[in-house]
Amino acid sequence: MSRSVLVTGGNRGIGLAIARAFADAGDKVAITYRSGEPPKDLTAAGVLAVKCDITDSEMVEQAYKEIEEKHGAVEVLVANAGITNDQLLMRMSEEDFTSVLDTNLTGTFRVVKRANRGMLRAKKGRVVLISSVVGLLGQAGQANYAASKAGLVGFARSLARELGSRNLTFNVVAPGFVDTDMTQVLTDEQRANIVSQVPLGRYAKPEEIAATVKFLASDDASYITGAVIPVDGGLGM
Ligand code: NAD
């Protein structure tokens, strides 16, 4: 059955792999993105691309209106959009901290809250949040990012308790290091150091994150909620 799926930050990296996975399965997929352009083959395949900055509530509302008009209410939400802005604590300004929280955590709140309107009406819904192994373990220079990603865990688990009786599930995927634009900023030395700590000895491919997200949104995961699933090559165990 074709579902209305929304992937935030779906124009590249992990979000793009997730959008492709749902589109390949025949779902009606919408993506939102903040900048750049979505790949032409994605939109040519019928994926609806909507420009939307999730730090802006009005843009989020407009994006949902467009998606609902074209695809119907969102049945599966993958809140994937996120940023980093790494600094050691003593060099981290309040703006460095709050801007990361505003995108990764409050931005997720904005899109989840809006999706829930339709999900509650439909009496079903699947929400998958993309956190990070860094949210579980912490990482020097990423206190802002780690706080935002740890926050997603408490957010999802609270909603799993609050809305489980309404047939909505909320799960978290915590990727390790994945080959995307986000990790291109790392030096070769930093990469080698990370890889040396990963039991599987390599970065993840975005498709490997997408496969777990797709599972959590499938009927096979109907009794899973409030779970935090690491997809990290064993890094966080
Ligand atoms: P990326 O930088 O390639 O893509 C990030 C996406 O988020 C882009 O589509 C961008 O447009 C969107 N985005 C950022 N700020 C936004 C905003 N304010 N409004 C709307 N969209 C916004 O990153 P990625 O590696 O594909 O990461 C995707 C998610 O996975 C992020 O939440 C990231 O924290 C998480 N993650 C990534 C890794 C990794 O190693 N790459 C590891 C763990 C978790």
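Residues numbered from 1 in each chain as written. Predicted model: local features only at pLDDT ≥ 70, side-chain atom pairs only at ≥ 80, totals over all residues. Heavy atoms only, no water.

### Side note on the overall build of the chain
Here is step 1 of the chain: Within the chain, the regular secondary structure consists of eight helices and seven strands.
Here is step 2 of the chain: Since a compact globule built from 237 residues should have a radius of gyration of about 18 Å, the 17 Å found for the chain is in line with a globular shape.
Here is step 3 of the chain: With the principal axes as the frame, the chain shows a C-alpha extent of 45 × 35 × 35 Å.
Here is step 4 of the chain: Going through the 237 residues of the chain one by one, you find that 50% of them count as buried.
Here is step 5 of the chain: Long-range pairs, those at least 24 residues apart, make up 68% of the contacts in the chain with a sequence separation of at least 6.
Here is step 6 of the chain: Of the roughly 11,600 Å² that the chain leaves accessible, carbon and sulfur atoms contribute 52%.
Here is step 7 of the chain: Once the 26 positive and 27 negative side-chain charges of the chain are each reduced to a mean point, those two points are 6 Å apart. (Helix = DSSP H or I, 4+ residues; strand = E, 2+ residues; numbered from the N terminus. Rg over C-alpha atoms; globule rule 2.2 N^0.38 Å. Buried < 20%, exposed > 50% of the residue type's maximum accessible area, 1.4 Å probe, protein only. Contact = heavy atoms within 4.5 Å. Areas by Shrake-Rupley, 256 points an atom, 1.4 Å probe, with all protein chains shown as cover. Lys, Arg positive; Asp, Glu negative; His and termini not counted. Charge placed at Lys NZ, Arg CZ, Asp CG, Glu CD.)

### A word on the packing of aromatic side chains
Here is step 1 of the chain: Scanning all chains against the criterion turns up one aromatic pair.
Here is step 2 of the chain: Above the face of the Y203 ring, R191 is positioned so that its terminal group lies 4.2 Å from the ring centre. (Phe/Tyr/Trp six-rings, centres within 6.5 Å; stacked < 30°, edge-to-face > 60°. Lys NZ or Arg CZ within 6 Å of the ring centre and 35° of its normal.)

### Some words on the packing of helix 3 (residues 57-71) against helix 4 (residues 94-122)
Here is step 1 of the chain: Two numbers describe how helix 3 lies on helix 4: the axes approach to 10 Å, and their chain directions differ by 35°. The two elements helix 3 and helix 4 cross, and the hand of that crossing is right-handed. Seen from helix 3, the contacting residues are S57, V60, E61, Y64 and E68; seen from helix 4, they are R110, V111, R114, A115 and R117.
Here is step 2 of the chain: Taken together, the residues of the contact of helix 3 with helix 4 sort by class into four nonpolar, one polar and five charged. (Axes fitted to C-alpha atoms, helices over the stretch in contact; angles between N-to-C directions. Left-handed = near helix turned anticlockwise from the far one by under 90°. Nonpolar A, V, L, I, M, F, W, Y, C, P; charged D, E, K, R; others polar.)

### Overview of the site of the ligand
Here is step 1 of the chain: Every one of the 28 residues lining the ligand counts as a neighbour, but N11, R12, N80, Y145 and T180 are closest to it.
Here is step 2 of the chain: For the ligand, an oxygen atom lies 2.9 Å from a polar atom in the backbone of I14.
Here is step 3 of the chain: Between an oxygen atom of the ligand and a side-chain N or O atom of K149, the distance comes to 2.8 Å.
Here is step 4 of the chain: Listing elements by their share of the shell around the ligand, those giving two or more residues are helix 1 (13-24) and helix 6 (143-163).
Here is step 5 of the chain: Grouping the amino acids of the shell around the ligand by side-chain chemistry returns eleven nonpolar, twelve polar and five charged. (Near = heavy atom within 4 Å. Polar contact = N/O pair within 3.5 Å; in protein donor to acceptor, adjacent residues only side chain to side chain.)

### Focus on the side chain of R3
Here is step 1 of the chain: Within the secondary structure, R3 is located in the segment before strand 1 (4-8).
Here is step 2 of the chain: Judged by relative accessible area, which is 17%, R3 ranks as buried.
Here is step 3 of the chain: If sequence neighbours within four positions are ignored, R3 has contacts with F22, D27, K28, E75, V76, A217 and S218.

### Thoughts on the pairing of strand 3 (residues 48-51)
Here is step 1 of the chain: Burial along strand 3 is one-sided: the residues L48 and V50 are buried and none of A49 and K51 is.
Here is step 2 of the chain: When strand 2 (residues 28-33) meets strand 3, the two strands line up parallel, connected through four bridges. Directly across from Y33, in strand 3, lies its bridge partner K51. (Pairing = 2+ DSSP bridges.)

### Let's talk about the sheet that holds strand 1
Here is step 1 of the chain: Strand order in the open sheet formed by seven strands is 3-2-1-4-5-6-7, with parallel pairing between adjacent strands. Unpaired on one side and paired on the other, strand 3 and strand 7 (228-231) mark the two borders of the sheet. Going from strand to strand, the sheet's axes swing by 20° on average, the running direction of each strand aside.
Here is step 2 of the chain: Summarising the sheet, strand 6 (residues 168-175) and strand 7 pair through four bridges and their orientation is parallel. Paired with V173 across the bridge in strand 7 is I229.
Here is step 3 of the chain: Along the sheet face, helix 6 touches strand 5 (125-130), strand 6 and strand 7 and points at about 160° away from the line of strand 6.
Here is step 4 of the chain: Set on the sheet, helix 8 (residues 206-216) makes contact with strand 4 (76-79), strand 5, strand 6 and strand 7; between it and strand 6 the angle comes to about 165°.

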